[in-house]
Amino acid sequence: MTKPLKYLLQSLNDSNYLAAKCVLGKNERIRLECSLLKNGLKLREQLLKQWGKTSTSWATPCGDTPKNGRKQMEYYNRLSFLQNGDFQNSYQHIYKQQIVNSSASVVLKTICNNIANNFICEEDLFYGSETRFLLISEYFVDSESGLSNFYNLQRERKIWWMRSSADSSRYCVEPFDIYANKNVQDYISQKCKSITIKANFPFGFVNMESITLVPLHDINFLNSLHTEDSTNTSLIRSVINLDLTTYALILDASDYGSLNRINPLMLNRKLAPYQILLASLNRGNKAIDELTLHLEHVLSKSGLRLYSTSIHINSQIELEENLIYIDNIGIPYALVVDDESCKSGLIKLRSRDTTLFETIHISDIPNYLLNIFESSDSL
């Protein structure tokens, strides 16, 4: 059951993820003016890290990902990047190295500053002052395999977004008509193809990623720079607006689930800004405090993202109230330390997704938790 948009936005503001308000655009369409708050910025950071780890079986990374690389003032259409000097330099470098052939492809990843903000148009559901960063993956492939890899990448990227989300049924792939844009020049090959991966919300669609196939060997002004025969290389180009997709994933996590629960934020376990929270059911027992501090140290060293403040409570009722708060900020797991923990070493592990507890031994921490996150669906 879908929750009212106003209800979702207030909940996300309260949980320090997103400040947003509804405005009416052209044709009386609802648009959201958004700004990421503290936890939303942390989520964006995790999304960026996971994107940096993505790979395909058919393309080898080419160098490290440049941070805040070339400035992007090219979003008049999906092909105007061809005029960008930095792209042309990258293409010439790959051509001279002769590293693309029928059995070898490479991918170049770049984080770009979208200083012109031309990616945002009246049709976009979200807009805001923070829409600055574009995540660009450029796959240089042999032209013979270009079309098949274009379709392979569509499938892989759609699955990636589905795994990143609470509601995997939101996603669809739609063809994009490059040539409908009047700014597309005549020199662009008619063999270019493009699609958009979209997320469907009750209040509109969000463009999560664009993927475009460009036969570079058909573009004369690029290959005129070569003194040898024309290269037989095609480009598959993926573009993600980091801020817009972060907005979408936050709303996806908030909109998913039963109305019987109060504002649970069902973020992907690998993307959640905080993965674990410590709670101590403390009735004046110093041993509980000492054990909690020990676990805090162990978890911090493990690399798990521990919520910065442990919760100290005196009753089961307080625990239940705080678990609602934990769900609201999207923390997948909570460890509860109580009197029994000091006696037997057994600790309660509570899942956000199921709201159920299981019992684990202190000697299994942090490995048990690390295995849970490692076994989550790969992004």
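Asks: Before we go on, may I ask you to explain the environment of Thr292 in this structure?
Replies: Structurally, Thr292 can be placed in helix 7 (residues 286-302). A relative accessible area of 2% places Thr292 in the buried class. Remark: the alpha-carbon pair of Thr292 and Ser341, spanning 49 residues in sequence, is separated by 9.9 Å. Leave out the neighbours within four places in its chain, and Thr292 touches Leu278, Ser280, Ser310, His312 and Val337.

Asks: Which parts of the structure should I look at to understand unusual backbone geometry?
Replies: A negative phi angle is the norm for most residues apart from glycine, just as the trans form is the norm for most peptide bonds. Of the consecutive residues Ile365 and Pro366, the connecting peptide bond is found in the cis state with omega at 10 degrees. Within the fold, Pro366 resides in the loop between strand 15 (357-361) and helix 10 (367-374). The residue Asn16 is not glycine, and still its phi comes out positive at about 65 degrees. With phi around 65 degrees, Thr355 is a residue other than glycine that occupies positive phi space. Along the chain, Thr355 turns up in the loop between strand 14 (346-351) and strand 15. In this structure Thr355 comes out as partly exposed when scored by relative accessible area, which is 33%.

Asks: What should I look at first to understand the packing of aromatic side chains in this one?
Replies: Both the distance between ring centres and the angle between the ring planes are used here to describe each pair of aromatic rings. In this structure the tally under the stated criterion is 10 aromatic pairs. Residues Phe87 and Tyr91 carry aromatic rings whose centres are separated by 6.4 Å and whose planes lie at 5 degrees to one another, so their mutual orientation is stacked. Placement of the pair is Phe87 and Tyr91 together in helix 3 (residues 85-97), with a separation of 4 residues, close to one helical turn. Ring-pair connections join several aromatic residues into one group, and the members of that group are Phe81, Phe87, Tyr91 and Phe140. Looking at Lys109, its charged tip hangs above the ring of Trp51, at a distance of 4.8 Å from the centre. For the cation-ring pair, Lys198 lies above Phe205, with the distance from its terminal atom to the ring centre recorded as 5.9 Å.

Asks: Help me understand the packing of helix 2 (residues 38-53) against helix 6 (residues 242-255) in this model?
Replies: For any two helices packed against each other, the geometry comes down to the angle between their axes and how far apart the axes lie. At a closest axis distance of 10 Å, the pairing of helix 2 and helix 6 adopts a crossing angle of 115 degrees. For the element pair helix 2 / helix 6, the angle class is roughly perpendicular. The chirality of how helix 2 crosses helix 6 is right-handed. Contact with helix 2, carried on its side by Gly40, Leu43, Arg44, Leu47 and Leu48, involves Leu242, Asp243, Thr245, Thr246, Leu249 and Ile250 of helix 6 and no other residues of that element. Residues of the contact of helix 2 with helix 6, tallied by class, amount to 6 nonpolar, 3 polar and 2 charged.

Asks: I would appreciate a short explanation of the environment of Ile288 in the present structure.
Replies: Locating Ile288 in the fold gives a position in helix 7. The exposure class of Ile288 is buried, given its relative accessible area of 0%. On a C-alpha basis, the gap between Ile288 and Asp338 in space is 6.5 Å, while along the polypeptide they are 50 residues apart. Residues contacting Ile288, with those up to four places away along its chain left out, are Ser280, Leu281, Asn282, Val337, Asp338, Asp339 and Cys342.

Asks: Would you mind showing me how to read the nonpolar core here?
Replies: Within soluble globular proteins, side chains that are nonpolar generally end up buried alongside one another. If you look at the biggest cluster of nonpolar residues, it comprises 64 residues, and the most contacted ones within it are Tyr17, Phe126, Trp161, Ile236 and Leu251. Of all the elements, helix 6 adds the most residues to this core, at 8 residues. The contact partners of Leu251, leaving out residues within four places of it in the chain, are Leu8, Leu9, Leu12, Leu32, Phe126, Phe201 and Phe203.

Asks: For this particular structure, what's the right way to read helix 6?
Replies: An α-helical turn contains 3.6 residues, so a residue and the one three or four places further along point in the same direction. Along its 14 residues, helix 6 runs 20 Å from first to last C-alpha, staying within 8% of the 20 Å computed at 1.5 Å per residue. Burial analysis of helix 6 places 14 of its 14 residues in the buried class, the great majority of the element. The opening residue of helix 6, the one whose side-chain oxygen lies 3.3 Å from the backbone nitrogen of Asp243, is Asn241.

Rules used throughout
- Residues numbered from 1 in each chain as written.
- Predicted model: local features only at pLDDT ≥ 70, side-chain atom pairs only at ≥ 80, totals over all residues.
- Heavy atoms only, no water.
- Helix = DSSP H or I, 4+ residues; strand = E, 2+ residues; numbered from the N terminus.
- Buried < 20%, exposed > 50% of the residue type's maximum accessible area, 1.4 Å probe, protein only.
- Contact = heavy atoms within 4.5 Å.
- Phe/Tyr/Trp six-rings, centres within 6.5 Å; stacked < 30°, edge-to-face > 60°.
- Lys NZ or Arg CZ within 6 Å of the ring centre and 35° of its normal.
- Axes fitted to C-alpha atoms, helices over the stretch in contact; angles between N-to-C directions.
- Parallel < 35°, antiparallel > 145°, perpendicular 65-115°, else oblique.
- Left-handed = near helix turned anticlockwise from the far one by under 90°.
- Nonpolar A, V, L, I, M, F, W, Y, C, P; charged D, E, K, R; others polar.
- Core = buried A, V, L, I, M, F, W, Y, C linked by side-chain atoms within 4.5 Å.
- Expected span 1.5 Å × (residues − 1).
- Polar contact = N/O pair within 3.5 Å; in protein donor to acceptor, adjacent residues only side chain to side chain.

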